[in-house]
Amino acid sequence: MAAGTEATRDERAPMPDGRAARAASVEARRRAVRDALAEVDRELADLRGMREVLSDDDEHDPDGVSMSSEWSRLEGLRQARLAELAEVEAAAARIASGEDGICAVCGRPIAPERLEARPQATTCIDCAR
């Protein structure tokens, strides 16, 4: 590099192997969570369709789970998937900015094994306890 010129982040150095692996892991998890969220959304749409054509009084149906119970279950799953997606998106942003792998509580490095198992982790194992 010539004197007086400054390289961009991409020109300086490639992403370290550990970070690249975490980025790939986070991206795979993002796809999986988005797929799971899409499936829950499809199930909710199906339930809405059934609700339009069936009686609202299904609470005493001996043949299965009530629509209200199923709606609550699916909405709970949807909220959990949305929360997980937010965690994964935040992890991707930390990796992109180079701020990943540091415990948000104590400031020490998060063990690579923990990041491999849970790439969206924001705390070391000691602080997570």
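Residues numbered from 1 in each chain as written. Predicted model: local features only at pLDDT ≥ 70, side-chain atom pairs only at ≥ 80, totals over all residues. Heavy atoms only, no water.

K.L.:
What am I meant to see in the overall build of the protein chain here?
P.N.:
Across its full length, the protein chain holds five helices and zero strands. Listing each helix as α and each strand as β along the protein chain from the N terminus yields α-α-α-α-α. Each of the 129 residues in the protein chain was classed as buried or not, and the buried ones make up 24%. Considering only contacts in the protein chain between residues 6 or more positions apart, those separated by 24 or more positions represent 54%. With an accessible surface of roughly 8800 Å², the protein chain has 53% of that area assigned to carbon and sulfur atoms. (Helix = DSSP H or I, 4+ residues; strand = E, 2+ residues; numbered from the N terminus. Buried < 20%, exposed > 50% of the residue type's maximum accessible area, 1.4 Å probe, protein only. Contact = heavy atoms within 4.5 Å. Areas by Shrake-Rupley, 256 points an atom, 1.4 Å probe, with all protein chains shown as cover.)

K.L.:
How do you make sense of helix 3 (residues 67-97) when you look at a structure like this?
P.N.:
In an α-helix, one turn spans 3.6 residues, which is why side chains three or four residues apart end up on the same side. The terminal C-alpha atoms of helix 3, which comprises 31 residues, lie 45 Å apart, in line with the 45 Å expected from a rise of 1.5 Å per residue. Among all positions in helix 3, only M67, L74, E84, L85, V88, A91, A92 and I95 are buried. (Expected span 1.5 Å × (residues − 1).)

K.L.:
What should I look at first to understand the environment of R30 in this one?
P.N.:
Positionally, R30 belongs in helix 2 (residues 17-53). Of the residues examined, R30 reaches a relative accessible area of 15% and is grouped as buried. Note: C-alpha distance between R30 and A91 (61 residues apart in sequence) is 10.0 Å. If near-sequence neighbours (up to four positions away) are discounted, R30 is found in contact with L85, V88, E89 and A92.

K.L.:
Explain the confidence of the model for the protein chain to me, please; I cannot follow it from the model alone.
P.N.:
Close inspection of predicted coordinates is inappropriate in any region flagged by low pLDDT. Scored by pLDDT, the protein chain has a mean of 82; 78% of the residues are at 70 or more. Mean pLDDT values for the elements of the protein chain range from 40 in helix 1 (residues 9-12) up to 94 in helix 5 (residues 125-128). Confidence drops under a pLDDT of 50 for residues 1-14, and excluding neighbours within four residues, the segment shows eight contacts in the predicted structure. (pLDDT = per-residue confidence, 0-100.)

K.L.:
Would you mind showing me how to read the pattern of salt bridges here?
P.N.:
Side chains carrying opposite charge are able to pair once their charged atoms draw close together. Counted by the stated rule, this structure contains 13 salt bridges. The residue D126 makes a salt bridge to R129 at a minimum N-O spacing of 3.8 Å. Taking relative accessible area as the criterion, R129 reaches 75% and is therefore assigned exposed. When salt bridges with common partners are traced through the structure, they connect E27, R30, R31, R34 and E89 into a single cluster. (Salt bridge = Lys/Arg side-chain N within 4 Å of Asp/Glu carboxyl O.)

K.L.:
Looking at this model, I keep getting lost on the environment of R22. Mind explaining?
P.N.:
As for its placement among the helices and strands, R22 is situated in helix 2. According to the relative accessible area criterion, R22 is buried, its value standing at 16%. Put simply, R22 and E116 are 94 residues apart on the chain and 6.7 Å apart in space, counted from C-alpha to C-alpha. With near-sequence residues (within four places) excluded, R22 lies in contact with I95, D100, L115 and P119.

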